[in-house]
Amino acid sequence: MDTPLARELADLSARRRALEAAKVEFTGDTRVLTVSNQKGGVGKTTSAVNIASALAGLGAKVLVIDLDPQGNASTALGVPHSADTPSVYDVLIDEFPLAEIVQPSPEDPNLFCAPSTIHLAGAEIELVAQVAREHRLRRALEDYLVENAMDFVIIDCPPSLGLLTINAFTAASEVFIPIQCEYYALEGLSQLLGSIQMIQKHLNPALHLSTILLTMFDGRTRLAQQVAEEVRTHFPDQVLETVIPRSVRVSEAPSFGQTVIAYDGQSAGAIAYREAAVEIASRIATQSKEK
């Protein structure tokens, strides 16, 4: 039957088959992406953990660094992050080696997490008096990668431009911005680009915007389509072809301590994130060959 539901099911089946056939090679170089957006509620943490899980499923070794005091990325990856758990706070303030706090995620043997705890909420204030306060995460990560090879490091930032986010920008080479397909998202994007330029000028010249992912996309609304068109017009090389639809499964997964990839890997939301991960990995492979 040629109905909207039948067409949607046929499309999902075709996309599943394409994903099963997709093959991605990893060069061995570590790519460090900071997932950031000053606007809250845009799917930032959700995108960080689901892209990380999807990349791990493709065979990449992935480390997620949870820099948000809320610890939502740690929760989604099934990693303990109670107040007495060694965390990113200990790395930034007490100079713990990153290797002492990294935990494997039960979701995938290729997936690891440096958890956040509530103590991180006070780190912004405590960092002010620290020496080399903007470079603490970068130095810890560099030391960690000497002994622990990773294909991807994905840093989940809080929705603000404080010292935690500045540490993430200084440690990363790429910025990955999830954008909700609503009008206010465009205002937040212009502010974030200004912040990235400031970091490039003063702290990390290698930082660049590599990836924009459109999230919470509702194809039934003209507004979502207009926002998507406008973002693609301004950033034709950075915006992924894949868009992430609004999905109940994506919203449900964290309450079970899982990403949607583990919770329901055949759902529309999971398929979209898996497609985005293939696209990111393929783009990175192409960029590496060009260099």
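Up top is the structure these notes are about.
Residues numbered from 1 in each chain as written. Predicted model: local features only at pLDDT ≥ 70, side-chain atom pairs only at ≥ 80, totals over all residues. Heavy atoms only, no water.

Visitor: Can you tell me about the layout of surface pockets, naming the residues and giving the values?
Guide: Within this model, the largest pocket holds a volume of roughly 310 Å³. Taken together, 17 residues line the largest pocket, and the ones lying closest to its centre are Gly 43, Thr 46, Met 216, Val 250 and Ser 251. Along the lines of polarity and charge, the residues of the lining of the largest pocket split into eight nonpolar, eight polar and one charged. (1 Å grid on protein atoms, 1.4 Å probe; cavity = no way out; pocket = protein on both sides within 12 Å on 5 of 7 lines; lining within 4 Å. Points joined across faces, edges and corners; volume = space filled by probe spheres on them. Nonpolar A, V, L, I, M, F, W, Y, C, P; charged D, E, K, R; others polar.)

Visitor: Explain helix α9 (residues 222-234) to me, and be specific about the residues and the numbers.
Guide: The terminal C-alpha atoms of α9 lie 19 Å apart, and with 13 residues this matches the ideal 18 Å at 1.5 Å per residue to within 8%. Every buried residue belonging to α9 is among Ala 224, Val 227, Ala 228 and Val 231, and all of these are buried. The buried residues of α9 occupy one face: seen down the axis, they fall within an arc of 100°. In this fold, the buried residues of α9 make contact with β6 (174-180), α8 (183-202), β7 (208-217) and β8 (239-245). (Helix = DSSP H or I, 4+ residues; strand = E, 2+ residues; numbered from the N terminus. Expected span 1.5 Å × (residues − 1). Buried < 20%, exposed > 50% of the residue type's maximum accessible area, 1.4 Å probe, protein only. Arc of directions from axis to C-beta. Contact = heavy atoms within 4.5 Å.)

Visitor: How would you summarise the packing of aromatic side chains if you had to cite specific residues and measurements?
Guide: The tally for this structure, following the rule as stated, stands at two aromatic pairs. Centre to centre, the rings of Phe 26 and Phe 152 are 6.1 Å apart; their planes meet at 90°, and the pair counts as edge-to-face. Of this pair, Phe 26 sits in the loop between α1 (4-21) and β1 (31-35) while Phe 152 sits in strand β5 (residues 152-156); the two residues are 126 residues apart in sequence, bridging distant segments of the chain. (Phe/Tyr/Trp six-rings, centres within 6.5 Å; stacked < 30°, edge-to-face > 60°.)

Visitor: Go over the side chain of Asn 37 with me, naming the residues and quoting the values.
Guide: Looking at the secondary structure, you find Asn 37 in the loop between β1 and α2 (44-57). Separated by 2.8 Å, the side chain of Asn 37 and the backbone oxygen of Pro 178 make a polar contact. Not counting residues up to four positions away in its chain, the partners in contact with Asn 37 are Val 42, Lys 44, Pro 159, Ile 177, Pro 178, Ile 179 and Leu 192. (Polar contact = N/O pair within 3.5 Å; in protein donor to acceptor, adjacent residues only side chain to side chain.)

Visitor: Mind laying out the environment of Tyr 183, listing which residues take part and the relevant values?
Guide: Take Tyr 183: it is sitting in helix α8. Taking relative accessible area as the criterion, Tyr 183 reaches 48% and is therefore assigned partly exposed. As a C-alpha pair, Tyr 183 and Asn 204 span 21 residues in sequence and 30 Å in three-dimensional space.

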